[in-house]
Amino acid sequence: MSLRLILMILLGISSLVLIASILLQSGNSAGLAGSIGGGAEQLFGKKKSRGYEAILSKITTVGAVLFIVISLVLVGLE
């Protein structure tokens, strides 16, 4: 197997993980009122949940970084 094929497979897997982790996250706001309330919560330091939402956030971050790095490597191989 060539390096390009392996990277394409990894890119597909990372994109599926990224899509799934984004779709599983709950929304932060509900319209204009939610955005104002959400801003106040961030301003006054309401703690972020450490359970399910934190894990999904980390998975999303790792998936996005892998997607970008693999995409750049594939473009560099062309």
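Up top is the structure.
Residues numbered from 1 in each chain as written. Predicted model: local features only at pLDDT ≥ 70, side-chain atom pairs only at ≥ 80, totals over all residues. Heavy atoms only, no water.

*Asks:* Requested: an account of the overall build of the chain, with residues and values cited.
*Replies:* Scanning the chain for helices and strands turns up three helices and zero strands. Mapped from its N terminus to its C terminus, the chain presents α and β elements in the order α-α-α. The buried share of the chain, taken over its 78 residues, is 15%. Considering only contacts within the chain whose residues lie at least 6 apart along the sequence, 92% involve residues at least 24 apart. When the accessible surface of the chain is split by element, carbon and sulfur atoms take 72% of a total near 6,100 Å². (Helix = DSSP H or I, 4+ residues; strand = E, 2+ residues; numbered from the N terminus. Buried < 20%, exposed > 50% of the residue type's maximum accessible area, 1.4 Å probe, protein only. Contact = heavy atoms within 4.5 Å. Areas by Shrake-Rupley, 256 points an atom, 1.4 Å probe, with all protein chains shown as cover.)

*Asks:* Report on the environment of Tyr52, specifying residues and quantitative values.
*Replies:* Structurally, Tyr52 is set in helix 3 (residues 52-77). Distance in space between the C-alpha atoms of Tyr52 and Leu24 is 9.9 Å, their sequence separation being 28 residues.

*Asks:* Pulling in residues and values, what's your account of the side chain of Ser14?
*Replies:* By the secondary structure assignment, Ser14 is in helix 1 (residues 3-24). Not counting chain neighbours up to four residues away, the residues in contact with Ser14 comprise Gly63, Leu66 and Phe67.

*Asks:* How would you sum up a nonpolar patch on the surface? Please name residues and give values.
*Replies:* Together, Met1, Leu5, Ile6, Ile9, Leu10, Ile13, Val17, Ile55 and Ile59 make up an exposed nonpolar region whose accessible area comes to about 820 Å². Contributing elements (two or more residues each) for the nonpolar patch: helix 1 and helix 3. At six residues, the largest contribution of residues to the nonpolar patch is made by helix 1. Note that Ile9 resides in helix 1. (Patch = residues over 30% accessible without salt bridge, like charges linked within 9 Å, V, L, I, M, F, W, Y side chains within 5 Å. Salt bridge = Lys/Arg side-chain N within 4 Å of Asp/Glu carboxyl O.)

Geometry only, nothing functional implied.
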